[in-house]
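# Structure assessment
In case you want the letters, here they are:
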Amino acid sequence: MIIADQVLEGRDAILAAAGHHPYARHALTRGEVPRGWRRGTSVGWLLPAEHGPRGGAIGAPGPAVELFADLVARDALRPGQWLHLPRLDPAALPGRLAVARHDEWDFLWTTVAPPRQPDEERVVRLTAADHPALTSLIDEAFPTTTSRPGDPRIVDWYGIRDGDRLVACGADRSRGDIGFLAGLTVAPDLRGRGLGAALTAAMTRALLARHDTVALGVYSVNVGAIRLYRRLGFTGALARSSVHLA
């Protein structure tokens, strides 16, 4: 049995324990049957999904680390799986929670429409016919992204064209109750011209028509992007650490 202060049965119980935090609402998709626990001031969960993280937590990092170290010790997690945890110091992780990779990023969110941006009217919804152009742009401009054509997590693609050329793109990867922007990309030779702001603003506006909150993730070292997103109204923030189990 997992050592916890409270066992949380199902999505609704986990969300209630997490105070219906936007990150928890994003991570826990309707229809899935997650397992959850409250340990100290942290709430953690395991997901059955084949795509994406195996689990996550919000709250204080210490109790979250203890919880997932316990899950590893009980063979509930396997090497190669990954978790989204509160921001932590990887050097302080216990030996039984050995990690092969650690990334720091921020979960940002907004509940209000952004200020109107120049060129926002150029943003269009893309179709399957645009997948080759999407792949070419992503390979050139953002090869490390996990958001690519064919990814089953993606609801829609949006983009900006310059003539016949696709020069910016972004994925609607909404899940749970939260709209979610991912893979925001601008061609390298056209950066600094406001296309990223136009794309982000238009996509945010479109997703707010279907969701009460829109969020995105950004690496913490990308201070320029964070500055842009805050200017567009993404003022809610939660510091995250992604750990890939060794």
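Below you will find a few notes about this structure. (Residues numbered from 1 in each chain as written. Predicted model: local features only at pLDDT ≥ 70, side-chain atom pairs only at ≥ 80, totals over all residues. Heavy atoms only, no water.)

## A word on the overall build of the protein
Assigned secondary structure in the protein consists of 6 helices and 12 strands. A compact globule built from 246 residues should have a C-alpha radius of gyration of about 18 Å, and the protein, at 19 Å, falls within 12% of that. Over its C-alpha atoms, taken along the principal directions, the protein stretches across nearly 60 × 35 × 30 Å. Sequence-distant contacts, at least 24 apart, represent 66% of the contacts inside the protein between residues at least 6 apart. For the protein, the exposed area adds up to about 11200 Å²; of that, 53% sits on carbon and sulfur atoms. Of the charged side chains in the protein, 29 are positive and 26 negative; the average position of the first set lies 2 Å away from that of the second. (Helix = DSSP H or I, 4+ residues; strand = E, 2+ residues; numbered from the N terminus. Rg over C-alpha atoms; globule rule 2.2 N^0.38 Å. Contact = heavy atoms within 4.5 Å. Areas by Shrake-Rupley, 256 points an atom, 1.4 Å probe, with all protein chains shown as cover. Lys, Arg positive; Asp, Glu negative; His and termini not counted. Charge placed at Lys NZ, Arg CZ, Asp CG, Glu CD.)

## Describing unusual backbone geometry
The backbone phi angle of His20 is positive, close to 55°, even though this residue is not glycine. Among the secondary structure elements, His20 is positioned in the loop between α1 (11-17) and α2 (22-27). Its identity is not glycine, yet Asp119 carries a phi of approximately 70°, on the positive side.

## Some words on the pattern of salt bridges
It is possible for side chains of opposite charge to pair when their charged atoms get near one another. Within this structure, the stated rule accounts for 21 salt bridges. Among the ionic pairs, Asp70 bridges to Arg74, the shortest N-O distance being 2.7 Å. Residue Arg74 is classed as partly exposed on the basis of its relative accessible area, which comes to 40%. The salt bridge involving Asp119 is made with Arg122; its shortest N-O contact spans 3.9 Å. By relative accessible area, Asp119 is classed as partly exposed at 27%. (Salt bridge = Lys/Arg side-chain N within 4 Å of Asp/Glu carboxyl O. Buried < 20%, exposed > 50% of the residue type's maximum accessible area, 1.4 Å probe, protein only.)

## A look at the sheet that holds strand β8 (residues 156-162)
Spatially, the 12 strands line up as an open sheet ordered β1-β2-β3-β4-β5-β12-β6-β11-β10-β9-β8-β7, and their pairing is mixed. Strand pairing shows two members of the sheet lacking a second neighbour, β1 (6-9) and β7 (124-125), which therefore form its edges. Bridge analysis of β1 against strand β2 (residues 35-39) gives 4 bridges, and the strand direction is antiparallel. Paired with Gln6 across the strands is Arg38, a residue of β2. (Pairing = 2+ DSSP bridges.)

## Description of the nonpolar core
The nonpolar side chains of soluble globular proteins are, as a tendency, buried together. Residues Trp157, Ile160, Leu181, Leu199, Leu216, Tyr229 and Phe234 are the most contacted members of the largest nonpolar core, which totals 38 residues. Counting only elements with at least two residues in this core, the list comes to α4 (131-141), β8, β9 (165-172), β10 (179-186), α5 (195-208), β11 (214-219) and α6 (223-231). The leading source of residues in this core is α5, at 8 residues. Setting aside chain neighbours within four positions, we find Leu216 in contact with Asp106, Phe107, Leu108, Phe180, Leu181, Leu184, Tyr229 and Phe234. (Core = buried A, V, L, I, M, F, W, Y, C linked by side-chain atoms within 4.5 Å.)

## Considerations on the packing of aromatic side chains
One pair of aromatic rings is described through two measures. These are the centre distance and the angle between the planes. For the coordinates displayed, the defined rule picks out 6 aromatic pairs. Taking the centre distance of 5.8 Å and the plane angle of 40° together, the rings of Phe107 and Trp109 count as tilted. Aromatic ring contacts, followed pair by pair, group Tyr23, Trp45, Trp105, Phe107, Trp109 and Phe180 into a single cluster. Positioned above the aromatic ring of Tyr23, the side-chain terminus of Arg240 is 4.1 Å from the ring centre. (Phe/Tyr/Trp six-rings, centres within 6.5 Å; stacked < 30°, edge-to-face > 60°. Lys NZ or Arg CZ within 6 Å of the ring centre and 35° of its normal.)

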